[in-house]
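Structure at a glance
Residues per chain are reported as follows:
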Amino acid sequence: MAQPHQVLRLHPDDNIAIARARIAAGTPLDDTNTMAAEEIPAAHKVALTAIARGEHVRRYGQIIGFATADIAPGQHVHVQNLAMASFERDYAYGQGAVAVAPSSEALTFMGIRRADGRVATRNYIAVISTVNCSATVAKKVVQHFNSSSILRDYPNIDGIVPLTHGFGCCIDHHGEGLQQLRRTLAGFMTHPNFAGVVLVGLGCEANQLKPLFASEGVEPGVSLVPLVMQELGGTQKTIDAAIAAVCAMLPGANAVKREPLPLSHLKVALQCGGSDGYSGITANPALGVAVDKLVAHGGTAILTETPEIYGAEHLLTRRAISRSVGEKIVERIHWWEAYAERERGSIDNNPTPGNKAGGLTTILEKSLGAVAKSGTTPLMEVYRYAEPATTAGLVFMDAPGYDPMGTTGQIASGANIIAFTTGRGSCFGGKPAPSIKIATNTPMYDRMRDDMDINCGSIMDGNATVEEKGQEIFETIVRVASGEQSRSESIGVGDEEFVPWMIGAQM
């Protein structure tokens, strides 16, 4: 007797289906009496019809690649017989953009309003290095506070965060790489989740403090203190000065209280990492439901990772609010194509070994699932890496597919909370924006409960709908924004995930 529950066909035009769980050879797949010709791993693809060599393979009703060999019904479809090839796409700019109806509910979250009107979801103090040479100072300052009882007297402060990186020198003093680094640092220096910032430079680096402040229109003050190691007399004296500067900030930083604020103040970074074959079926579309709800309440969702929308960009250009916004997406796609060619690489190398073990074969397949995070609302704007996201609604920010790098740019753009889907089990956490981890499958969720906040595997298990899990994600976003700790926060993840995207030649 046929067992249609063995596989999931996502669209009537698909010539493959997804295994709900491991399928043994000889198992009936569907009511056409197609049998599994070999073992099919969970979340992997199986052919429903004969697919000739060179013929396209469809998932979600979209092309995910082309057969590199003849594929018989019931065969496993993966890297051994499927590969990417170029083909024309219809961008249909703006033809699918549908206006969002504002929600009739006046929902709020418990946020922190700064004196200048900015709204925070957390209350940290940061010690930021401008260059790798000052990274040790930043870390030792934070170690001082973490090893003492000083912060016990300041219960409204969430912690002191060291933000260090490996760049800042031996680059073009006027080039795009330095401009982008400065833009990223400025986004963190002025982020509302920081009540105060100490910025530490060495003194002779390319990323000088004064040009950094001037180029980004930022002024030093009591809550933004610049320190230069060579001027202060070296490492220990700078550590002492930074500790004193943080101590001076503590009373003011502690004098905050949470209050009900509109959801329009929320800016959610959308991320997926360690994706698998279930990502585009469970967690990502559920997050898309939450995004639609957030946008209806006036909030902002920031989609990113340009190499991971490659092959699905035509779905976003259709939703662009204008042709010019859609063309920005395509321009970024072309930049990445040229970049990959210049570096003698391939954008199709983006799916990692873990992605492929989880059932994803090509970047086209991965991207189609990744775009589901964005929901259905219009695409309002496209930003360069770490540019301030000032437009409400769904927006896109250019970034690589490396999760810490993309998230760093999203936070610099203003994201004050992160929604992160994962199939293989990414253990990401970000500061100063709390990260909510959303599992795509139940086995991984059960195995990694210390890191996972929400299980969307129940969709595949048949115990919940995409809409129900989307509502759960939305409600979790509101609670975490109001101060509830996410799993990654509870175990202290987030101090090492500040990874600016450095472009340009190292000199």
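A short tour of the structure in this document, coming up.

A few words on the sheet that holds strand β4 (residues 56-59). Read across the sheet, 3 strands follow the order β4-β5-β7 without closing on themselves; strand pairing throughout is antiparallel. Every other strand in the sheet has two partners, leaving β4 and β7 (82-83) as the edge strands with one partner each. Sheet strands touched by helix α10 (residues 363-371): β4 and β5 (62-67). Its angle to β5, the strand with the most contacts, is close to 165 degrees.

Let us now look at the pattern of salt bridges. The full count for this structure, using the stated rule, is 19 salt bridges. We note a salt bridge from R332 to E331, for which the minimum N-O separation is 2.9 Å. On the accessibility criterion, R332 (6% relative accessible area) is buried. Overlapping salt bridges bring together E331, R332, R384 and D398 as one network.

Here the focus is the side chain of D14. Secondary-structure assignment places D14 in the loop between β1 (7-8) and β2 (16-19). For D14, which is buried and forms no salt bridge, the nearest opposite charge comes from R9, at a distance of 5.9 Å. A polar atom in the side chain of D14 sits 2.7 Å from the backbone nitrogen of G61. With residues up to four places along the chain from it excluded, the contact list for D14 reads R9, R58, R59, Y60 and G61.

Once that is clear, we can look at the packing of aromatic side chains. With the rule as written, the count across this model stands at 10 aromatic pairs. Ring centres of W335 and Y339 lie 5.1 Å apart, and the angle between their planes is 10 degrees; on these two criteria the pair is classed as stacked. A residue pair is termed a helical-turn pair when its members lie 3 or 4 positions apart in one helix, as W335 and Y339 do in helix α8 (residues 323-342) at 4 residues. Accessibility expressed as a relative area gives 28% for Y339, which makes it partly exposed. Ring centres 5.4 Å apart and planes at 80 degrees place the aromatic pair W336 and Y339 in the edge-to-face group. With W336 and Y339 both in helix α8 and 3 residues apart, this pair spans about one turn of that helix.

Omega for the bond connecting K431 with P432 falls within 30 degrees of zero, at 15 degrees, which places this linkage in the cis form. Note on placement: P432 falls in the loop between β19 (417-422) and β20 (435-439). Positive phi outside glycine occurs at R344, with the angle close to 55 degrees. According to the relative accessible area criterion, R344 is exposed, its value standing at 83%.

Rules behind the numbers
Residues numbered from 1 in each chain as written. Predicted model: local features only at pLDDT ≥ 70, side-chain atom pairs only at ≥ 80, totals over all residues. Heavy atoms only, no water. Pairing = 2+ DSSP bridges. Helix = DSSP H or I, 4+ residues; strand = E, 2+ residues; numbered from the N terminus. Contact = heavy atoms within 4.5 Å. Axes fitted to C-alpha atoms, helices over the stretch in contact; angles between N-to-C directions. Salt bridge = Lys/Arg side-chain N within 4 Å of Asp/Glu carboxyl O. Buried < 20%, exposed > 50% of the residue type's maximum accessible area, 1.4 Å probe, protein only. Lys, Arg positive; Asp, Glu negative; His and termini not counted. Polar contact = N/O pair within 3.5 Å; in protein donor to acceptor, adjacent residues only side chain to side chain. Phe/Tyr/Trp six-rings, centres within 6.5 Å; stacked < 30°, edge-to-face > 60°.

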